[in-house]
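Examining the three-dimensional arrangement
Here are the chains, one letter per residue:
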Amino acid sequence: MKRDAKSRGGRPWSFDREKAIETAMRLFWRHGFEGVSIGDLTKEIGIAPPSLYAAFGSKAGLYQQALIHYEETLGTLDATSVSSATSLAEAVRLLLEAAVRAVTHPDRERGCMISGGMIACHPDHAPLARDAAKRRDAMRQRIAQALQPFAAVDEVNRLARHLAAVMQGISIQARDGSTPTELQEIIEDVVSGVAARPPQTGRRH
């Protein structure tokens, strides 16, 4: 058990803080923010409620730490996957296939913690919902950035919003039990639509 992280009072935590965040991430990812109680968290982490509040301030504070951990370890869009693409359609395929692999990985929870997180919540948790929405918009922006070498700015921005919506749908269907093969059918339809688009002026090479 790691005890090198310091508490606010300068004393070492009596538990592994990073492991606690990892455990919380898995619970929130699986059940959502409102589907996880303080009791669930303290039981799985193995600490008493006062220790949780001292370390993270609140359940919401721990949720935000779990989201950050998710983004830094598992939830980052794999934009490098498009580096070998030679066309916009191929870039879209590589992005979507990377997304399917992420949301159906056998060693992880199904779906995307950010895409499906805080879609609906109690009004008291509106700040968390706004934060989740900002993270989803940031993902859309990363999609647009990844596609910039393949199309004009207007087309990239429009397509990025479309792909963000597709990825959110893929995430939800993965949670509902859709297989990678079934999700691949969605990819084929999207890629076919992109490949059939007439050439756009202003495309970058």
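Structure shown above.
What comes next concerns the included structure. Just so you know, these numbers come straight off a predicted model, no measurement behind them.

Where helix α5 (residues 88-103) contacts helix α6 (residues 126-147), the two axes come as close as 10 Å, and the packing angle between them is 140°. In terms of axis orientation, α5 runs oblique to α6. Crossing of α5 over α6 shows right-handed handedness. Contacts between α5 and α6 involve Leu-88, Ala-91, Val-92 and Leu-95 from the former and Ile-143, Ala-146 and Leu-147 from the latter. Each residue belonging to the contact of α5 with α6 can be placed in one class, and the counts come to seven nonpolar, no polar and no charged.

Because each turn of an α-helix spans 3.6 residues, side chains separated by three or four positions end up pointing in the same direction. When helix α2 (residues 38-45) is considered as a whole, its buried residues turn out to be Leu-41, Thr-42 and Ile-45. The buried residues of α2 occupy an angular sector of 90° when projected down its axis, which confines them to one face. Those residues of α2 hidden inside the fold are in contact with α1 (17-31), α3 (49-56) and α4 (59-73).

With that out of the way, let us pick up the layout of surface pockets. Computed from the structure, the largest pocket encloses a volume of approximately 400 Å³. For the largest pocket, the lining is made up of 22 residues, of which Leu-74, Thr-76, Ala-98, Ala-99 and Ala-102 are closest to its centre. Broken down by element, the lining of the largest pocket gets its largest block of residues, five residues, from α5. Grouping the amino acids of the lining of the largest pocket by side-chain chemistry returns twelve nonpolar, seven polar and three charged. Quantified by volume, the second largest pocket comes out at close to 230 Å³. Lining the second largest pocket are 16 residues; nearest its centre among them are Gly-32, Phe-33, Gly-116, Gly-117 and Met-118. For the lining of the second largest pocket, the element with the highest residue contribution is α1, accounting for three residues. When grouped by side-chain class, the residues that make up the lining of the second largest pocket number nine nonpolar, five polar and two charged.

Conventions and cut-offs
- Residues numbered from 1 in each chain as written.
- Predicted model: local features only at pLDDT ≥ 70, side-chain atom pairs only at ≥ 80, totals over all residues.
- Heavy atoms only, no water.
- Axes fitted to C-alpha atoms, helices over the stretch in contact; angles between N-to-C directions.
- Helix = DSSP H or I, 4+ residues; strand = E, 2+ residues; numbered from the N terminus.
- Parallel < 35°, antiparallel > 145°, perpendicular 65-115°, else oblique.
- Left-handed = near helix turned anticlockwise from the far one by under 90°.
- Contact = heavy atoms within 4.5 Å.
- Nonpolar A, V, L, I, M, F, W, Y, C, P; charged D, E, K, R; others polar.
- Buried < 20%, exposed > 50% of the residue type's maximum accessible area, 1.4 Å probe, protein only.
- Arc of directions from axis to C-beta.
- 1 Å grid on protein atoms, 1.4 Å probe; cavity = no way out; pocket = protein on both sides within 12 Å on 5 of 7 lines; lining within 4 Å.
- Points joined across faces, edges and corners; volume = space filled by probe spheres on them.

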